[in-house]
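Next come the chains, spelled out residue by residue.
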Amino acid sequence: MSIGHALLGLLETGPRHGYDLKRVYDERFGQDRPLAYGQVYSTLSRLLRNGLVEERGVEAGGGPDRKRYAITDAGVTDVSSWLVTPEKPEIYLQSALYTKVVLALMSGRDAEDVLDAQRRAHLGAMRELTQRKQRGDLADQLICDHALFHLEADLRWLELTTARLADLGKEVMP
Amino acid sequence: MNEPLLRGVDLRKSFGQTPALDGAGMGVAAGEVVAVMGPSGSGKSTLLHCLAGIVPPDGGTVSYGDRDLTAMSDKERSALRRSEFGFVFQFGQLVPELSCIENVALPLRLGGAKRKAAEQAAREWLARLEVDQLADKRPGEVSGGQGQRVAVARALVTRPRVVFADEPTGALDSLNGEQVMRLLTATARETGAAVVLVTHEARVAAYSDREVIVRDGRTREPVVI
Ligand SMILES: Nc1ncnc2c1ncn2[C@@H]1O[C@H](COP(=O)(O)OP(=O)(O)O)[C@@H](O)[C@H]1O
Ligand SMILES: [Mg+2]
């Protein structure tokens, strides 16, 4: 995730202090990973250098906390183009699991046990996410659903592979 | 796990030559939601029907508390089903000629309750399932998700000790399916009912406390690592 762009996006709703930006970011997007102050200020100084934000209304006293930042026209353009640039579709190749399944088959072990153990772990993770989703607000729900759909996709692969174990066994047996 | 309230052991059932169940077993404790998962045709529904006393198994036993379902007469079994069990299926379970509230009140009426008392209880359950505004509509006039919530209200109105749900979200889109699951599991947990939830969808099974996998008519034991 591009934190710089996310901060820029937040600044589009109005100028903010660095600590205020961190607070809003953590609340909306921080979920498990709140921003470090150092990261906020180093990102802001980079945005400043690149002319995407400007200082607005520095209070007396000095120190990074005193500065308010506002987005510039160049910053708005930058956010706009970032928003419509698609994220790279992630391709997960389950090579670790595939390797385990093949090795189990080659050694005459029960490959279903390998797949069952993985299914159990996946369902366990899905249960936790489902509970968290039910406790949380709409933002939590959307983020948990994203993770849930990904885990579900893995589980469908597990099912399909289970159904093909006999065929796979024939192929990999020496 | 607590002592199971309902337990099937070594269940066998064939339709003609094909064994649908070939030594399946599982238990469910009061207040527990157990997902029964597995591919299509693996025997999930047959397992549910045997556990619920709808279909007598060819072999094996089903016990409910200290009672043996498999040793009961048909009459005893259907009396037990009416008083202790609740059912939710994929679709087609509401009586189209009755309003939603009459549908929910129906199991109470069949149990001998007076119309007014039955409809009052039905209204409360419709409210718990967040569909009380549909009380006077016919099933044909409500959406799939709403109809399924009415069906859940009808399954729970008799305060069953065990709820059997066979693909209860199978005909719903994701959002409606999730809402039905949230309401079904939350209300079952509140009332301390045991739930046997048949589903092939992992996101639905994620509302359960644990899962049982059925494959080729057999339940798989968890691997102990
Ligand atoms: N009433 C029936 N008559 C004949 N065959 C049946 C009947 N019910 C189930 N079967 C067969 O038993 C097997 C298991 O079916 P079922 O329990 O419905 O599986 P699932 O619910 O997992 O899809 C399937 O091969 C199915 O065709
Ligand atoms: Mg079925």
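On a predicted model such as this, the values are computed, not experimentally measured, just so you know.

What counts, and at which threshold
- Residues numbered from 1 in each chain as written.
- Chains lettered and ligands numbered in written order.
- Predicted model: local features only at pLDDT ≥ 70, side-chain atom pairs only at ≥ 80, totals over all residues.
- Heavy atoms only, no water.
- Helix = DSSP H or I, 4+ residues; strand = E, 2+ residues; numbered from the N terminus.
- Rg over C-alpha atoms; globule rule 2.2 N^0.38 Å.
- Buried < 20%, exposed > 50% of the residue type's maximum accessible area, 1.4 Å probe, protein only.
- Areas by Shrake-Rupley, 256 points an atom, 1.4 Å probe, with all protein chains shown as cover.
- Lys, Arg positive; Asp, Glu negative; His and termini not counted.
- Charge placed at Lys NZ, Arg CZ, Asp CG, Glu CD.
- Domains from an automatic or database assignment.
- Salt bridge = Lys/Arg side-chain N within 4 Å of Asp/Glu carboxyl O.
- Polar contact = N/O pair within 3.5 Å; in protein donor to acceptor, adjacent residues only side chain to side chain.
- Contact = heavy atoms within 4.5 Å.
- Pairing = 2+ DSSP bridges.
- Axes fitted to C-alpha atoms, helices over the stretch in contact; angles between N-to-C directions.
- Expected span 1.5 Å × (residues − 1).
- Phe/Tyr/Trp six-rings, centres within 6.5 Å; stacked < 30°, edge-to-face > 60°.

Enquirer: Sorry, what's going on with the overall build of chain B here?
Expert: Within chain B one finds 7 helices and 10 strands. Taken over the C-alpha trace, chain B has a radius of gyration of 17 Å; the compact-globule value for 225 residues is 17 Å, and the two agree within 12%. Principal axes of the C-alpha set define a box for chain B whose edges measure 50 × 40 × 35 Å. Here chain B holds 225 residues, and 51% of them are scored as buried. Total accessible area on chain B stands at roughly 10,200 Å², and carbon and sulfur atoms take up 49% of it. Where the 28 positive side-chain charges of chain B centre and where its 28 negative ones centre are 4 Å apart.

Enquirer: Help me out: how do you make sense of the domain arrangement of chain A in this one?
Expert: Partitioning chain A into domains gives domain 1 (3-84) and domain 2 (96-172). Distance from the C-alpha centre of domain 1 of chain A to the C-alpha centre of domain 2 of chain A: 39 Å.

Enquirer: Quick question: what am I supposed to make of the side chain of K44 of chain B here?
Expert: All names here are of chain B. As for its position among the elements, K44 is in helix α1 (residues 44-51). Buried charged residue K44 carries no salt bridge. Nearest counter-charge: E167, at 4.6 Å. In terms of polar contacts, K44 uses its side chain to reach the backbone carbonyl oxygen of P39, at 2.9 Å. Setting aside its immediate chain neighbours within four residues, K44 contacts V36, M37, G38, P39, E167, V198, T199 and V214.

Enquirer: Hey, could you run me through the sheet that holds strand β7 (residues 162-166) of chain B in this one?
Expert: Hydrogen bonds between backbone atoms are what pair the strands of a sheet, whose relative direction is either parallel or antiparallel. Residue and element names in this part refer to chain B. Overall, mixed pairing links the 6 strands, which are arranged β6-β7-β8-β3-β9-β10 in an open sheet. Each edge of the sheet is formed by a strand with only one pairing partner; in this case those strands are β6 (85-88) and β10 (218-220). Going from strand to strand, the sheet's axes swing by 25 degrees on average, the running direction of each strand aside. Relative to strand β8 (residues 194-198), β7 runs parallel, the two being bridged by 5 bridges. Bridge pairing links V162 to A194 in β8. On top of the sheet, helix α5 (residues 144-156) reaches β6 and β7; it is set at about 170 degrees to β6, its chief contact.

Enquirer: Sorry if this is basic, but what is going on with helix α7 (residues 138-163) of chain A here?
Expert: Residues that lie three or four places apart on an α-helix share one face, since the helix turns once every 3.6 residues. Counted at 1.5 Å a residue, the expected span for α7 of chain A with its 26 residues is 38 Å, and the 37 Å between its end C-alpha atoms agrees. The set of residues buried in α7 of chain A consists of D140, C144, D145, L148, L151, E152, L155, L158, T161 and T162 of chain A. Contact partners of the buried residues in α7 of chain A: α5 (95-106), α6 (111-135) and α8 (165-172) of chain A together with α6 (174-191), α7 (202-205) and β9 (210-215) of chain B.

Enquirer: How should the packing of aromatic side chains be read in this particular structure?
Expert: In this description, a pair of aromatic rings is defined by centroid distance and the angle of the planes. All names here are of chain A. The final tally for this structure, using the stated rule, is 6 aromatic pairs over all chains. Look at Y25 and F29: their rings are 5.6 Å apart centre to centre, the planes differ by 70 degrees, and that puts the pair in the edge-to-face class. With Y25 and F29 both in helix α2 (residues 18-30), this residue pair falls 4 residues apart, about one helical turn. Both rings, one in Y37 and one in Y41, keep their centres 6.4 Å apart while their planes meet at 15 degrees; by these two values the pair is stacked. With Y37 and Y41 both in helix α3 (residues 37-49) and 4 residues apart, the pair spans about one turn of that helix. The exposure class assigned to Y41 is buried, which follows from its relative accessible area of 16%.

Enquirer: How should unusual backbone geometry be read in this particular structure?
Expert: Working note: non-glycine residues mostly have negative phi, and peptide bonds are mostly trans. Residues and elements named next belong to chain B. You will see that D10, though not glycine, has its phi angle at about 50 degrees, which is positive. Assignment of secondary structure puts D10 in strand β1 (residues 6-15). Judged by relative accessible area, D10 falls into the partly exposed class, the value being 39%. In this structure, E130 takes a positive phi of about 60 degrees despite not being glycine. When you line up the elements, E130 lands in the loop between α4 (115-128) and α5. Overall, E130 belongs to the partly exposed group, its relative accessible area being 41%.

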